[in-house]
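Analysis of the macromolecular model
Here is how the chains run, residue by residue.
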Amino acid sequence: MSKITGQQNDTIDLSVQGMTCASCVRRVERALEKVPGVASASVNLATGRARVTYEPGNEPAAQAIAAIAKAGYEARLVGGTERRRRDEEDLEDARTLRRDFMLALALSLPVLILEMGSHMVPALHHLIMSSLGERTSWLAQFVVTTIILALPGRRFFVRGVPALLRGGPDMNSLVAIGTGAAWIYSTIATLAPDLMPGGTRNVYFEAAALVVTLILLGRMLEARARGRTGDAIRRLVGLQPDTAHALRNGIPVDVPVAELAVGDLVVIRPGERIPVDGVVTEGSSYVDEAMITGEPVPVAKAVGAGVVGGTINSNGSLVFRVTGVGEDTVLQQIIRMVEDAQGAKLPIQALVDRVTGWFVPVILVIAAVTFLAWLLLGPSPSLPLALVNAVAVLIVACPCAMGLATPTSIMVGTGRAAELGVLFRRGDALQTLGSADIVAFDKTGTLTYGRPELTDFIVTGGAGEADTLRRAAALEARSEHPIARAVVDAAAARGLDIPEVSAFEALPGHGVRGMVEGVRIEVGAARMMALSGLGVDHFAQHATRLASEGKAALYVAVDGDVAAVFSVADAVREGAPAGLRALHELGLELAMITGDDARVANAVARPLGIRQVAAEVLPAGKVQAVKDLAAQGRSVVFVGDGINDAPALAEATVGIAVGSGTDVAMESADVVLMSPDPGKVAEAVEISRATLRNVRQNLFWAFAYNVALVPVAAGALYPVNGMLMSPIFAAGAMALSSVFVVGNALRLRAFRPGTRLPA
């Protein structure tokens, strides 16, 4: 999401069919950027999606689709059923690739036996020559190879030749030129040998046949692997059941989830998955929300509690009123966020785009230079050597690996992050978060629970702790003050009964007093006790300790004697200490930016290892505090609750909003944590770094592969050791390069917080 304020551009998403390599991506982007009103376009090879950003007042969908069609690809506007349709098409493409590969393999084996087997096994050579003869063998190879190129290999020519004629060659063009050249040369040698110079009558049908077979194998394996990169989205989509038990006239009736409407009542039985979002109206249970928040502990649900579609009811029965259906559910918000992040481009991709835009034309030039160099300078007969080496250059080049290097890692990384309850709303946050220097936290509601709790209750003399607490709670039950609520909740948590109160009196700024079970009870600060003429010196040691911890001391007097001192504070979240230690171990500095009292803020920060504290600041002051940290030349991550911290979240290099699992639409944040556990921040940093490490590995492999093997295919090693690369080996290497990149990205599915994937 753009952090620039003011009028924002609109976006549309298009599904694009027919892209096979990074050159296709750049070609589609250039076509879209020429459409009037389009501000920018970003195309993702792994997802097959194009995101078009356009200026307000324009409706470029039809023009964009037409521009893509003119570039040689098919496109359609992404709608509500597009995800399922795309999955079905991907499945059908995978089936088609498998069918074509099996056919090509079955047909290429006879060609391989007739040609390569004849060269490698003398006995087989004599058998073929004596039974078929060379010309019949070549004719048989011609027929079979023609069938391979016309049927399973047809895709390369149907897509590659038009792209070449339009002046925008792609990977299909390279394969079409390479296999077509080998076939034409071999066909002339077979059907019109008198046209060939002496000593050049050779056939390379087996090269054309096996190149098609091996590239189809690579694409089949790549399609299978790429299908697994979208498993996280498919798992999220699969969380919603197909039917629900809707109450109709008080009777549960099974209806399709698509027919549910806001306000409907739905029954959930033990062990069932909740179909849509809602609020519990009857019953109590525990709900497993791990698939949404990443937290393994089931959450208690009672009347008034919110439930999220896709989660699992554990043991009790519930009735809830529907509050969100269709695209308005939390699950659909999560899916949209993950898809948006997966379709984004990292800043590191800019270099790749610049290189791949020229890659295929450069390869064509290298292949032409290779052909001419061998033809003019190579040993006799030079024509076959020129052909073989030029074809090897065309086939070994792999823009596919470069095009897939970044998007496949992003897809798997963001999908795995979603499974852990970490949602990247912006794809580039995946890169910037991994390189952050300092993490600044809001305090209330982020590092703490955001609600006062009774943290200390100390009695003296013969006073009983339970009796003193229950009597104090009886008075506080009459008050609306947050501190009073904490005392009442503490008594209830201990199972204490709350007695009746008479003669209740509230003294604003001091405390409360009244009669409880015939005993006069007073509860309040030291000034309340002083007002009643009561001394608190015997609690001085405890009061000093509480003050050092940033807690205010409050007292309970029973019949004119101060019997207890207690404190109420916003307790630190259970996972905060471990989570912040993990950030320290990741080499990050920690800071706190809060509007709370400086003494309280420092008391919370100190035990958590936070050294930099900006306290007593308003929301605008939080923005300035973030700017001050950034002015030191550091990349700043700000973590807040996504509501009152919105300005600071937008100002930070990366804004992380801590969610509750039910409110994920935090527009100012780059990353949303579905769980309020601060430890999720460390997990977000870890998955970011793991994904970036994976991207760099893929890019290194993709570039190093092409830089190393293209010169070898051109014959660079021939003067040194007489080595030449067979087009068949080139095809195998090219196919494996893409499979390697996708396979390496899939390792991110094994990511576990607190561990590193093998380098």
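The model shown is predicted, which means the values in this text are computed figures rather than measured ones.

1. Describing the overall build of the protein chain
Along the protein chain, the regular secondary structure elements total 27 helices and 26 strands. For 759 residues, the compact-globule formula gives about 27 Å, and the C-alpha radius of gyration of the protein chain, at 35 Å, lies well above that figure. Referenced to the eigenvectors of the C-alpha coordinate spread, the extents of the protein chain come out at roughly 125 × 65 × 60 Å. Buried residues in the protein chain amount to 51% of all 759 residues. Looking at the protein chain alone, contacts between residues at least 24 apart form 70% of all its contacts between residues at least 6 apart. As displayed, the protein chain has an accessible area near 32,300 Å², and 59% of this comes from carbon and sulfur atoms.

2. Some words on the packing of aromatic side chains
All chains considered together, the criterion is met by 8 aromatic pairs. Measuring from centroid to centroid gives 5.0 Å for W374 and Y718, while their planes differ by 70°, and the two rings are edge-to-face. Taken together, the positions of W374 in helix α12 (residues 349-377) and Y718 in helix α26 (residues 718-721) put the pair 344 residues apart, joining distant regions of the chain. Following the ring pairs from residue to residue traces out a cluster consisting of F142, W183 and F205.

3. Considerations on empty space enclosed by the protein
All chains considered together, the criterion is met by 2 cavities of 30 Å³ or more. Of the pockets and cavities examined, the largest cavity occupies roughly 110 Å³. Lining of the largest cavity is provided by 16 residues; of these, V43, K345, Q349, G403 and P407 occupy positions nearest its centre. Put simply, the parts of the chain that give the lining of the largest cavity at least two residues each are α1 (22-33), β2 (38-44), α12 and α14 (399-419).

4. Notes on the sheet that holds strand β11 (residues 306-307)
Read from one edge to the other, the open sheet built from 6 strands follows the order β6-β5-β7-β13-β8-β11, with strand pairing classed as antiparallel. Among the strands making up the open sheet, the edge pair consists of β6 (251-256) and β11. One ladder, built from 6 bridges, connects strand β5 (residues 243-248) with β6; its direction is antiparallel. Bridging across to β6, A246 finds its partner in V253.

5. Observations regarding a nonpolar patch on the surface
A contiguous nonpolar patch, built from L103, V143, I147 and L151 and spanning about 320 Å² of accessible area, is present on the exposed surface. Structurally, L151 is set in the loop between α5 (134-150) and α6 (154-165). Owing to a relative accessible area of 51%, L151 belongs among the exposed residues under this scheme.

6. Regarding the nonpolar core
Membership of the largest hydrophobic core comes to 134 residues, with the highest contact counts inside it found for M19, L32, F424, V439, F441, L583 and I656. Top element by residues in this core is helix α25 (residues 679-714). It accounts for 14 residues. Excluding residues that lie within four positions of it along the chain, F424 makes contacts with M337, A341, T414, A417, A429, L430, L433, D670, V671, A684, I687 and S688. The next biggest cluster of nonpolar side chains, apart from the first, holds 31 residues, and it includes I233, M291, A591 and A648.

7. Looking at the UniProt feature "transmembrane region" (unreviewed entry) in the protein chain
In the numbering adopted here, UniProt assigns the feature "transmembrane region" (unreviewed entry) to residues 101-124, 136-153, 174-192, 204-221, 355-377, 383-406, 699-718 and 724-746. With 83% helix and 0% strand, residues 136-153 has end C-alpha atoms that lie 24 Å from one another. Its end C-alpha atoms 26 Å apart, residues 204-221 is made of 94% helix and 0% strand.

8. Details of the packing of helix α13 (residues 382-396) against helix α27 (residues 727-746)
Running from N to C, α13 and α27 point in directions that differ by 5°, and their axes come no closer than 8 Å. One finds that α13 runs roughly parallel with respect to α27. Residue-level inspection shows V388, V391, A392, I395 and V396 of α13 in contact with α27, the latter providing P727, A730, A731 and M734. Considering only residue class, the contact of α13 with α27 consists of 9 nonpolar, no polar and no charged.

9. Quick notes on helix α11 (residues 330-342)
Within an α-helix, residues lying three or four positions from one another point in the same direction, as the helix has 3.6 residues per turn. The end-to-end C-alpha distance of α11 is 18 Å, a good match for the 18 Å that 13 residues give at a rise of 1.5 Å each. Turning to α11, its buried residues number three or more, namely V330, L331, Q332, Q333, I334, I335, M337, V338, E339, A341 and Q342.

10. As for the sheet that holds strand β17 (residues 501-507)
By way of backbone hydrogen bonds, the strands of a sheet pair with one another, either parallel or antiparallel. An order of β16-β21-β20-β19-β18-β17 is seen for the 6 strands of this open sheet, with the pairing classed as antiparallel. Single-partner strands in this sheet number two, and they are β16 (448-459) and β17. Taken pair by pair, the neighbouring strands of this sheet meet at an average axis angle of 20°, ignoring direction. Both strand β20 (residues 554-558) and strand β21 (residues 561-572) contribute to a ladder of 5 bridges, which runs antiparallel. From the neighbouring strand, A557 faces β21, where its bridge partner is V562.

11. Topic: the pattern of salt bridges
Tallying each qualifying case throughout the model produces 22 salt bridges. As a salt-bridge pair, E289 and K301 come within 3.0 Å of each other at their nearest N and O atoms. With E289 in the loop between β9 (285-288) and α10 (290-293) and K301 in strand β10 (residues 299-301), this pair connects stretches of sequence that are 12 residues apart. Accessibility classification places E289 together with K301 in one group, the buried group. Ionic contacts of the salt-bridge type, sharing partners, join the residues D467, R470, R471, D497 and E517 into one network.

12. Points about the side chain of T594
Tracing the backbone shows T594 in the loop between β22 (589-593) and α22 (598-605). Take T594: its relative accessible area is 1%, and that puts it in the buried class. For T594, the residues in contact, after removing those within four places along its chain, are D442, K443, A601, A614, A615, E616, V617 and K622.

13. Some details on the environment of Q63
Turning to its location among the elements, Q63 is positioned in helix α2 (residues 61-70). It is 10.0 Å that separates the C-alpha atoms of Q63 and G37, two residues lying 26 residues apart in sequence.

14. As for the UniProt feature "domain: HMA" (unreviewed entry) in the protein chain
Cross-referencing UniProt, the feature "domain: HMA" (unreviewed entry) maps to residues 10-76 in the present numbering. The distance from the first to the last C-alpha atom of residues 10-76 is 17 Å, and the span holds 33% helix and 36% strand.

15. Section: unusual backbone geometry
The amide bond that connects S380 to the next residue, P381, takes the cis arrangement and shows omega of -5°. Relative to the helices and strands, P381 is located in the loop between α12 and α13. Phi at D559 takes a positive value of approximately 50°, unusual for a residue other than glycine. Residue D559 is classed as partly exposed on the basis of its relative accessible area, which comes to 48%.

16. Side note on helix α21 (residues 576-585)
For α21, the full list of buried residues reads A576, G579, L580 and L583. An end-on view of α21 places all buried positions within 95° of arc, on one side of the element. Seen from the buried face of α21, the exposed residues on the opposite side, beyond 90 degrees, are R581 and E585. Residues of α21 that are buried make contact with β15 (438-441), α16 (443-447), β21, β22 and α25. One or two positions beyond α21, positive phi appears at G587, with a value near 85°.

17. Some remarks on the packing of α21 against α25
Packing of α21 against α25 brings their axes to within 7 Å, and their N-to-C directions diverge by 30°. On the basis of the axis angle, α21 is roughly parallel to α25. The segment α21 lies against α25, with G579, A582 and L583 engaging G679, V681, A682 and V685. Looking at side-chain class alone, the contact of α21 with α25 contains 5 nonpolar, 2 polar and no charged residues.

18. Some details on the pairing of β2
Judged by how many residues are buried, β2 sits mostly within the fold: 5 of 7 residues are covered. Two strands pair when backbone bridges link them, and β2 and strand β3 (residues 49-54) are joined in this way by 6 bridges, in the antiparallel orientation. Across the sheet, N44 pairs through a bridge with R49, a residue of β3. In textbook terms, the turn of a hairpin is the stretch between consecutive antiparallel strands, and for β2 and β3 this stretch comprises 4 residues, one of which, G48, has a positive phi near 70°.

The rules we used
- Residues numbered from 1 in each chain as written.
- Predicted model: local features only at pLDDT ≥ 70, side-chain atom pairs only at ≥ 80, totals over all residues.
- Heavy atoms only, no water.
- Helix = DSSP H or I, 4+ residues; strand = E, 2+ residues; numbered from the N terminus.
- Rg over C-alpha atoms; globule rule 2.2 N^0.38 Å.
- Buried < 20%, exposed > 50% of the residue type's maximum accessible area, 1.4 Å probe, protein only.
- Contact = heavy atoms within 4.5 Å.
- Areas by Shrake-Rupley, 256 points an atom, 1.4 Å probe, with all protein chains shown as cover.
- Phe/Tyr/Trp six-rings, centres within 6.5 Å; stacked < 30°, edge-to-face > 60°.
- 1 Å grid on protein atoms, 1.4 Å probe; cavity = no way out; pocket = protein on both sides within 12 Å on 5 of 7 lines; lining within 4 Å.
- Points joined across faces, edges and corners; volume = space filled by probe spheres on them.
- Pairing = 2+ DSSP bridges.
- Patch = residues over 30% accessible without salt bridge, like charges linked within 9 Å, V, L, I, M, F, W, Y side chains within 5 Å.
- Salt bridge = Lys/Arg side-chain N within 4 Å of Asp/Glu carboxyl O.
- Core = buried A, V, L, I, M, F, W, Y, C linked by side-chain atoms within 4.5 Å.
- UniProt positions renumbered as here; feature names shortened; annotations may be inferred.
- Axes fitted to C-alpha atoms, helices over the stretch in contact; angles between N-to-C directions.
- Parallel < 35°, antiparallel > 145°, perpendicular 65-115°, else oblique.
- Nonpolar A, V, L, I, M, F, W, Y, C, P; charged D, E, K, R; others polar.
- Expected span 1.5 Å × (residues − 1).
- Arc of directions from axis to C-beta.

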